[in-house]
Every structure is written in C-alpha cells, then in structure tokens.
Amino acid sequence: MKRSASNSVTNGDASNKKMKKTTEEDSEIGFANLDENLLYEVLKHVDARTLATSSCVSKIWHRTAQDERLWELICTRHWANIGCSPHQLRFVVLALGGFKQLHSLYLWPLSSPNQHGRLGKDELKLSLSLLSIRYYEKMNFTKRLP
Amino acid sequence: MKRSHQETSVEEVHSMGKKLEDDNNMDEFLSALGYKVRSSDMADVAQKLEQLEVVLSNDDVLGSNALNDTVHYNPSDLSSWAETMLSELNYYPPSLDLDPTRICNLTPFSDDNECSSTTSDNSSKRIRLGPWCDSSESTRPVVMLGVDSQETGVRLVQALVACAEAVHQENLILADALVKRVGPLAASQAGAMGKVATYFAEALARRIYRIRPSSPAVDPSFEEILQMHFYESCPYLKFAHFTANQAILEAVATARGVHVIDLGINQGMQWPALMQALALRPGGSPSFRLTGVGGPSEGDGIQQLGWKLAQLAQAIGVEFEFKGLTVERLTDLEPEMFETRPESETLVVNSVFELHPLLARPGSIEKLLATVKAVKPSVVTVVEQEANHNGVVFLERFNEALHYYSSLFDSLEDGVIIPSQDRVMSEVYLGRQILNVVAAEGTDRIERHETLDQWRKRLGSAGFDPVSLGSDAFKQASLLLALSGGGDGYRVEENDGSLMLAWQTKPLIAASAWKVSDVTAEWRR
C-alpha cells in the first residue's frame, strides 16, 4: 500500500525527535491506524455488535465509534418508519440521551431474542418511551419556587 | 454417653411431645441436653422428625425433592435449637442412624473431616451449612428442615381463612387464638406465600383488636417513595401508563392542542413518554397542557413536578403548559377549575387507580363522573385493579384479596432481576393496601377495588361508552412485559376492547378507555 510505504520511508529517514512528534499518525502499518474519517466511513456499514466492539480497539477507534451519527444509522437502518422526519427524530433522541444510549439500553435487549435484528415500530416506540422516562428520572431538578 | 442419651431422648420426643403438649415451658428433657424446644411445639417437632425419618430412610435421599422444598422455622424459636443441635452433632460419628445429623448436612460425613473437630462457634456452623446448601438443589440459603412447604402453605391458607371466618362471625376470641397461630406459621413459610400471609395476619390482628389504620397514616413523601419503588420493580404501573398513553395518542392523533387532566398526578411518571410521542408525531408536535390534580399533602411538590416536566418539554421541543390543582377530595373538583379551551384543545381525562377510593363515600363516584362528563373530554382513560375487594361480606372480600395479593407477591418474587430494595418497598406498598382492605372499614377503607365489569356498569350508567384499545396498545404492552423479566409469568389479555395484565392467568390490572355517550343515542335508549 502506498500509505504504508510512505510511512516506512518516514521511519527510515526521520530522526528520533521527529518520530516522537508524529507518534499518532505514525508508522505502524495496519488497519488499527486508519485515518479517522476513513474509519468513520467504514463503520457506517457495520452492524451494532461490530460497532460496539470497535470502540474497544484503541483511543481513536473509541472516539470514532462513539459518534452519535453512526449509532443513529444503526438505530434507523432497519427501523420501520415511524412517520416523523429524521430531523425531528434526531432532535428528540439527542435531547433525551442519544442514539447510542437508546440502542444499548433498550433496542439491543429488545432485538437480541430475534436474531435477524429487524426492529419494528413497536419496539422503537417502546424504547423511545423508556428513554424519555429514564431521562426524566435522572433529571437533576435545581429550579425551585421561592 | 451422650450418644445413647441423644438417641433415647429423640425417641422419647415422640411420646413426650404428646404428653407435654399443653405445657408452655421449655421441655425439660431436651433442655437438659441443651435443646430449647417449647413443649407446645413438641408435637410439630415430633411429627417433622417422623416425616424426616421416613423420607431419609428412602435410598434416594439426596435427590428427594422433599428436602429441597423446606421450611424455615420461626427463627426466634428454633435458631437456638438448631445451633445447639449443630454443636451437639459435632460429636456424633457419621454412622448415626438418626437424622438430626442429616438435617444439617446432607453430604456424606466421611467427606467432611471438619465435622468432628468443629467447635460450637458460629463460623464453623456456617461452614457446615455451606456444603449442605451446595449439595442440595435448593437455591434458598437458609437452614432447611425437611418438610414439604407446599403442605405448610396449604395449612397456612387454611389457618388464615379459618381466622377470617371467625372474624366474620364476630367470634373474636376464637379469631384471636387463630391469628396467634398464624403468625409463626407465616414466618416459617419461605417465599411469597409467607410474606403475604404475614401481612394478612397483621391485618386480621388489627381488625380483631380494632386498631384502625387512619389514612393517610404515613408521611406522604414516604408514600411517594414506596410508589416509585413499586414503579421500578414490576410492570404494573408502566403497563397502566403506557396503555393509557396509547389510548390518548389515538384520540388526539389530529389535534393541534392537547389538554390532559390527570386525576392523580403523583410523580408524573406517565407524561414524559406521552410528550416524547407527541414530539415525534408526524407533522409536528401539538401543544401540550397538563393539569395535575393532587392531594393537600403533596403541596409544593406538584409545582416542582410541573417545572421538571416543563424542562423536559423544552428539551424535546414541545410547547408545554402546566397547572397543579390541589383538592382535598376528587369530589371537590368543579368543571370551571380546569379552564378548558374546547376551541383549540382536545381534552383527555386520565385516572390511574384514582377512582376506587371514591367508593368509600356514597355519591362520590357519581359526582366525579358527572364533573368529568361536564368538561366534555374526547377520551377518558381508566386503569384499576382487577379484583372485587368491595364486597359487603367480609369473608368474601378476604378470600378475594388473599388470592389477588398472593398473585401479586408471587410476581415480585423474581429476585434475580429486581433489586431487593425495590422489591421490599413494593411489598410494603402492597402490604399497606392489604391492611386497608382487611382491617379498615367505612370511610377509612379506601382500597375498594372493583372489577372491570363492575366499572363498566358504573361508567355506563354515568353516561360513558367504551372505546376499544387498538392492537398497538396490545403490542406495546406485550413488548413491555417481555422486557420486564418475570419470565413468562406476565400476560396481556384482551377483554372486549380493554386490556388486562395478568400474572399466571390471573388478571391483576385492567386498562380501559371511554368516551362520553352520544346524546342522540341516549335519547333512543
């Protein structure tokens, strides 16, 4: 791969100081060192389990795999359309805790029994309801009347 | 030698037990050996030893189920007995035929070398109990004495019913004697049955001694805490809320503005989910106005609740308005208080477990229903306990309640999923209901549950027609139960357009929706 070749050239030529400076984009050939954007593009196509596992690989991977947009894709990909616009959905879900939480807390437990991962309208609505209740329960209410 | 002494004394128990049955002191013979057994218990003890002997004389001891379903005796009485017995047994070689050893340790003694050298301190006893607990298939970590618990369960119920009968016949002396017997029996029964029985025994005792629990006898914030734990630990309240919300959503599907009157706002747990569903409505969210009705004890709490809901509404982009109404009784509500805006809002009235207390005062329910009718709601959602705890005959009420709360407690027994604090609090919450159903009378008795059929008649005669809950509600409810653990015990049942939540085929909660009868249709009647 061109990329790895250029990396190894850098390795060969650079002094120790330079190597230290560029440690992050560095030298190690491998999948684990993909550029974040590229990684993001790849992760757009994986399933929930893979996405969750990817966040355990490294710090960069962790950061990328936590991206709400990726989890939004996971959540909405197989969903039946509940009728609202994606923008509406995004606004509400992000306010209530995000897609990642929605998935891990409610969608995942609801879908594991049936392995084909298809989530119907009812599972979705129930999960959203439970998410909102959880948000409400956790609200640290500070404003008090005099 | 102690050994032979022990053998003879155990044999003597059989005869001794019967002789000393009436003597209330500690049995002298056994106490000489360090066994503290009340003579009044001797008959039972003797019987159990006989049973144990019979069971253990069979070859398949370890596989025997009778030893797995065992009874934990009243700890105050028998733990000392068990302890002394254990310490005595340390001196006995494994070949002893008699069973006191087998009671405590089912694994063959030859494996367990610690036995002979154990001292009588507590830690060693636990070591001894440990292997026994593992070897038996029972999951209960208590000291087990081999008696079939099902049989004691039946006896327990019989004792309770007998006591209730005595109360019903106003034979208070007999009732008193019986209730004293039930107490220890209940304590000895492990599991849901024991807990239920304890509450019922207490309730009967209160009824006998005329200790009337005043309502509310307890700090209302405590009541709220109890209800929160109940909310968390089992799906009943969630089922109630979700099903009612589904009916509301269907009724306001095209409304530009929604006004919900909640007859019992409590913690407002029902509304976040509704607001979220409104926020995600195709075509945009309607404005949402909530009028929460609460009692005087809730006071300021209602306003704070309103603020909390307002914050949530703002976060998800729903136009929200809140008003709290504090009334002493629901009958104090008048239509003007709600400030309805019929031209811009679709009105909904919601009642979760709020109707049955009104049955304590004649005329109350009719007044409330008239008020509700007067504000012209599009839909009225009603959730109530599915039971008849309002019968005139005490004994019938008692039996119904026993059956009902046994099921409820049973469903809470799934300790794996429910955090134990939630469960304990839920049991207290339900226990207070039990006390009210059994021990209270007159206007104090507010837990006057009635069945869906009875409510149908009441609502029908008040001028309401049933609205069928759609299949969506059924599906949501089923999913909710799937998520709630309890295995396959929970079931959703459809009953003529209404939904019921059942535990092991016994319906416990019923949710229904109503609309005001069409005026012209009424004329035709």
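All residue numbers refer to positions counted from 1 along the written sequence of the respective chain. Here every chain gets a letter starting at A, and every ligand a number starting at 1, in the order they are written. With pLDDT at 70 or above as the cut-off, local features in this predicted model cover only qualifying residues; side-chain atom pairs require 80 or more to be listed or tallied, and sums for whole chains, interfaces and linings still use all residues. Side-chain numbers here rest on the full set of heavy atoms in the structure, without hydrogens or water.

Draft legend 1. Expanded view of the overall build of chain B. Counting secondary structure elements, chain B contains 21 helices and nine strands. Classification of residues uses two cut-offs on accessible area relative to the type maximum, computed with a 1.4 Å probe and protein chains only: under 20% is buried, over 50% is exposed, and between them is partly exposed. Per-residue burial for chain B yields a buried fraction of 53% across its 525 residues. Nonlocal contacts in chain B, meaning residues at least 24 apart in sequence, comprise 76% of its contacts between residues at least 6 apart. Put simply, DSSP H or I for four residues or longer makes a helix, DSSP E for two residues or longer makes a strand, and each gets a number counted from the N terminus. We call two residues in contact when some of their heavy atoms are within 4.5 Å.

Draft legend 2. Structural context of the interface of chain B and chain A. Taken together, the contact pairs 33 residues of chain B with 28 residues of chain A. Once two parts are brought into contact, the accessible area they lose, counted with a 1.4 Å probe and summed over both, makes up the buried area. Between chain B and chain A, the buried area comes to about 2,900 Å², and carbon and sulfur atoms account for 70% of it. Here, a salt bridge means any side-chain nitrogen of Lys or Arg that lies within 4 Å of a carboxyl oxygen of Asp or Glu. Where chain B touches chain A, the interface holds two salt bridges. Linking aspartate 122 of chain A and lysine 475 of chain B is a salt bridge whose minimum nitrogen-to-oxygen distance equals 3.9 Å. Pairs of N or O atoms are called polar contacts if they sit within 3.5 Å, as long as, within protein, a hydrogen donor faces a hydrogen acceptor (for residues adjacent in sequence, only side-chain-to-side-chain pairs). Linking chain B with chain A are five residue pairs in polar contact (both at pLDDT 80 or more), by the criterion used here. Those elements giving two or more residues to the side of chain B that touches chain A turn out to be helix H12 (220-233), helix H14 (271-279), helix H15 (300-316) and helix H20 (471-483) of chain B. Among the elements that make up the side of chain B that touches chain A, the one with the highest residue count is H15 of chain B (10 residues). Within the side of chain B that touches chain A, the residues separate by chemical class into 18 nonpolar, 10 polar and five charged. Residue polarity follows a fixed list, in which Ala, Val, Leu, Ile, Met, Phe, Trp, Tyr, Cys and Pro are nonpolar, Asp, Glu, Lys and Arg are charged, and the others, Gly among them, are polar.

Draft legend 3. Representation of the side chain of arginine 281 of chain B. Positionally, arginine 281 of chain B belongs in the loop between H14 and strand E2 (287-294). Residues scored as positive are Lys and Arg, those scored as negative are Asp and Glu, and His as well as the terminal groups of each chain are ignored. For arginine 281 of chain B, which is buried and forms no salt bridge, the nearest opposite charge comes from glutamate 319 of chain B, at a distance of 11 Å. Setting aside residues no more than four positions away along its own chain, arginine 281 of chain B makes contact with Gln88 of chain A together with Val252, Ala253, Thr254, Ala255, Arg256 and Pro286 of chain B.

Draft legend 4. Expanded view of the packing of helix H10 (residues 172-188) of chain B against helix H11 (residues 192-208) of chain B. Residue and element names in this part refer to chain B. An axis is simply a line fitted to the C-alpha atoms; with a helix, the fit covers only the stretch in contact. Between two such axes, the angle follows the N-to-C directions and lies from 0 to 180 degrees. H11 packs onto H10 with a crossing angle of 155 degrees between their chain directions and a minimal axis gap of 9 Å. In terms of orientation, H10 and H11 fall into the roughly antiparallel class. Here H10 and H11 pass one another in a crossing that is left-handed. Residue-level contacts link Leu172, Ala175, Asp176, Val179, Val182 and Ala186 of H10 to Gly194, Ala197, Thr198, Ala201, Leu204, Ala205 and Ile208 of H11. Partitioning the contact of H10 with H11 into residue classes produces 10 nonpolar, two polar and one charged. Angle categories are assigned with fixed cut-offs, so that under 35 degrees is roughly parallel, over 145 is roughly antiparallel, 65 to 115 is roughly perpendicular, and the rest are oblique. Handedness of a crossing is defined here by the sense of rotation of the near helix relative to the far one, left-handed for an anticlockwise turn of less than a right angle and right-handed for a clockwise turn.

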